[in-house]
Amino acid sequence: MDKVFKIGNREFVLDQDKAEAAYQAKRVINGYKSMAFNLLPLKYQWAYDLYRTMKANHWEPEDIQMQKDIEQWRSNDITQNERWIIMMGIGYFSAAEGIVGDNIQHVVRELVTAPELKLVLGRHAHEENIHADSLLYMISSLGINPHECEALFEQIPSIVKKNEFVTRTSHSLRRDLDLTTVENQRLLAKNCFVFGQCMEGTQFYGLFGMILSLARQQKFVGIGQMFQYTLRDESNHIEVFRNLFMDLIEENPDIWTPEFRQELVDTMREAVALEKEFIRDCLPVATVGLSSEEFEQYIDFVADKRLDGCGLPLLNPGVKNPLPWLAEQQDIKRETNFFEGRVTEYQKASSLLLGSDDDL
Ligand code: FE
Ligand code: MN
């Protein structure tokens, strides 16, 4: 018997028995493995939807004008502290984007079995490439010595510690991990939590806040625009890994013991402590409009949002967001003069071909 499947405004007629068998065989892990990218019928609709959203947000570093930033970088209008924040931003993210991309390509995308999960993870990895490329664009525009940036992530103890915190859960999990044991399933779940919620979800937000705060004062607006685009991408990455984590646990409920939940909360506590140390390194003295106390509280607020999203208990219940303007920045579409042209262009092109995301 035939059955019509709809994805957006595209229709597919599939044999019902075959479609149901294919659907049943799809699992986050230990499912049917095929060399063909057999997306139909979709089981993880969220993965396909996020793939479409991410594609519509496509941007390229060269879309952004750097002339004003270059003039400011060379001028005396900028303090040493402000310059230091930019250096820390470029230094930390140059390493971090690569670590995230490596973990997706060599750990998570290798271990999941459903094709639509591989689809969205492929896009995720590509966005990390765009972010890494945007940092090269900043380095070359400002004339920064690349070795100076490299030295930052090798020598600043708070950056070294943040990087060690995440690579500890990725280096041991390479492609041949046996996922039939619950211990290893737990390692993968923890990896998804560490990368999606602790790193991209929490430890990226100190610098996002500081750099966007500078841009708000008209300092380094080109770099600010790139970080705003990056922040929008990261919001989707956090959702990719949160959904992956939730579905992995739903399909493998033995993972979810009280001890494991406690381990995750403790891991987030460690992530928050490392991020606060890093924030204090970025803001050694008070800088106009930037107080390390406010950014530290912001991290507490963000971390609890991530824990809540994963159904875990909070570290600081009731903590307020001390930087409400930053929350508004996350929805880039509301920004009127913010490089609308190019984004709209990509969105238009995709909706002409495939129908808008609203149809999905
Ligand atoms: Fe990124
Ligand atoms: Mn990311």
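Residues numbered from 1 in each chain as written. Chains lettered and ligands numbered in written order. Predicted model: local features only at pLDDT ≥ 70, side-chain atom pairs only at ≥ 80, totals over all residues. Heavy atoms only, no water.

Time to look at the overall build of the chain. Helix and strand counts for the chain stand at 14 helices and two strands. Taken over the C-alpha trace, the chain has a radius of gyration of 21 Å; the compact-globule value for 360 residues is 21 Å, and the two agree within 12%. Overall, the C-alpha framework of the chain stretches about 75 × 50 × 40 Å when taken along its three principal axes. Residues classed as buried in the chain amount to 54% of the 360 residues present. (Helix = DSSP H or I, 4+ residues; strand = E, 2+ residues; numbered from the N terminus. Rg over C-alpha atoms; globule rule 2.2 N^0.38 Å. Buried < 20%, exposed > 50% of the residue type's maximum accessible area, 1.4 Å probe, protein only.)

In this section: the coordination of the iron ion (ligand 1). Within the protein, Glu97 (OE), Glu128 (OE), His131 (ND1) and Glu234 (OE) serve as the donor atoms for the iron ion (ligand 1), at 2.1 to 2.2 Å. For the iron ion (ligand 1), the four donor atoms in the first shell make angles of 71 to 137° at the metal, a pattern classed as irregular. Of note, the donors binding the iron ion (ligand 1) are all from one chain and are spaced E-x30-E-x2-H-x102-E. In this structure, the iron ion (ligand 1) lies 3.1 Å away from the manganese ion (ligand 2), the two metals sharing Glu128 as a donor. Placement of the pair is Glu128 in helix α5 (residues 115-142) and Glu234 in helix α10 (residues 221-251), with a sequence separation of 106 residues. Exposure remark for Glu128: the relative accessible area of 1% places this residue in the buried category. (Donors = N, O, S within 2.8 Å, 3.2 Å for Na, K, Ca; no water. Tetrahedral: all angles 85-135°; square planar, octahedral: opposite > 155°, others 65-115°.)

Further remarks concern the coordination of the manganese ion (ligand 2). In ideal tetrahedral geometry, four donors around a metal make angles of 109.5 degrees, whereas ideal octahedral geometry with six donors gives angles of 90 or 180 degrees. Only Glu128 (OE), Glu200 (OE), Glu234 (OE) and His237 (ND1) from the protein coordinate the manganese ion (ligand 2), and they sit 1.8 to 2.2 Å from it. Mapped onto the polypeptide sequence, the residues donating to the manganese ion (ligand 2) form the spacing pattern E-x71-E-x33-E-x2-H.

Moving on, we get to the pattern of salt bridges. As enumerated under the stated definition, the model contains 13 salt bridges in all. In this structure, the salt-bridge partner of Glu239 is Arg242, at a minimum N-O distance of 2.9 Å. In this pair, Glu239 and Arg242 both sit in helix α10, three residues apart, roughly one turn of the helix. Overall, Glu239 belongs to the partly exposed group, its relative accessible area being 29%. Taken together, the shared-partner salt bridges in this structure form one network comprising Glu164, Arg168 and Glu270. (Salt bridge = Lys/Arg side-chain N within 4 Å of Asp/Glu carboxyl O.)

This part covers the packing of aromatic side chains. Enumeration according to the criterion identifies 15 aromatic pairs in this entry. Consider the rings of Trp73 and Phe220, whose centres lie 5.8 Å apart with planes at 65°: the pair is edge-to-face. Of this pair, Trp73 sits in helix α3 (residues 67-74) while Phe220 sits in the loop between α9 (205-216) and α10, and the two are 147 residues apart along the sequence. Note on Trp73: relative accessible area 13%, which makes it buried. Accessibility expressed as a relative area gives 1% for Phe220, which makes it buried. Among the aromatic side chains, those forming a connected cluster through ring pairs are Tyr92, Phe93, Phe204, Tyr205, Phe208, Phe227 and Phe278. The ring of Tyr23 has Lys43 lying over it, and the distance from NZ or CZ to the ring centre is 5.3 Å. In this structure, Arg306 packs its charged tip against the face of Tyr205, placed 5.1 Å from the ring centre. (Phe/Tyr/Trp six-rings, centres within 6.5 Å; stacked < 30°, edge-to-face > 60°. Lys NZ or Arg CZ within 6 Å of the ring centre and 35° of its normal.)

A word on the packing of helix α11 (residues 258-282) against helix α12 (residues 292-309). Running from N to C, α11 and α12 cross one another at 160°; their axes reach a closest spacing of 10 Å. It follows from the interaxial angle that α11 and α12 lie roughly antiparallel. With respect to the hand of their crossing, α11 and α12 are arranged in right-handed fashion. Here Val265, Met268, Val272, Glu275, Lys276, Ile279 and Arg280 of α11 come into contact with α12, specifically with Ser292, Phe295, Glu296, Ile299, Asp300, Ala303, Arg306 and Leu307. Grouping the amino acids of the contact of α11 with α12 by side-chain chemistry returns eight nonpolar, one polar and six charged. (Axes fitted to C-alpha atoms, helices over the stretch in contact; angles between N-to-C directions. Parallel < 35°, antiparallel > 145°, perpendicular 65-115°, else oblique. Left-handed = near helix turned anticlockwise from the far one by under 90°. Contact = heavy atoms within 4.5 Å. Nonpolar A, V, L, I, M, F, W, Y, C, P; charged D, E, K, R; others polar.)

This part takes up the pairing of strand β2 (residues 10-15). Both strand β1 (residues 2-7) and β2 contribute to a ladder of six bridges, which runs antiparallel. Across the sheet, Lys6 pairs through a bridge with Glu11, a residue of β2. From the end of β1 to the start of β2, which pair antiparallel, there are two residues, and Gly8 there has a positive phi angle of about 60°. (Pairing = 2+ DSSP bridges.)

Take the side chain of Asp233 next. Its location among the elements puts Asp233 in helix α10. Buried charge without a partner: Asp233 forms no salt bridge, and the closest opposite charge is Arg232, 4.6 Å away. Other than its neighbours up to four places away in sequence, Asp233 contacts Asn57, Trp59, Glu127 and His131. (Lys, Arg positive; Asp, Glu negative; His and termini not counted.)

Within the secondary structure layout, Asn163 lies in helix α7 (residues 157-167). A sequence separation of 125 residues divides Asn163 from Val288, and the C-alpha atoms of the two residues are 29 Å apart. Ignoring sequence-local partners within four residues, the contact set of Asn163 consists of Tyr92, Ala95, Ile99 and Phe153.

Take the packing of helix α4 (residues 80-111) against α9 next. Two elements in contact, α4 and α9, have axes separated by 10 Å at closest approach and are oriented at 140°. One element, α4, and the other, α9, form an angle in the oblique class. Relative to α9, α4 is oriented so that their crossing is left-handed. In contact with Glu82, Ile85, Ile86, Met88, Gly89, Tyr92 and Phe93 of α4, α9 contributes Leu207, Phe208, Met210, Ile211 and Leu214. In terms of residue class, the contact of α4 with α9 is built from ten nonpolar, one polar and one charged.

Further remarks concern the confidence of the model for the chain. When pLDDT is averaged along the chain, the result is 90; 91% of the residues meet or exceed 70. Scored below 50 in pLDDT, residues 332-346 shows 26 contacts in the model against residues more than four places distant or in partner chains. (pLDDT = per-residue confidence, 0-100.)

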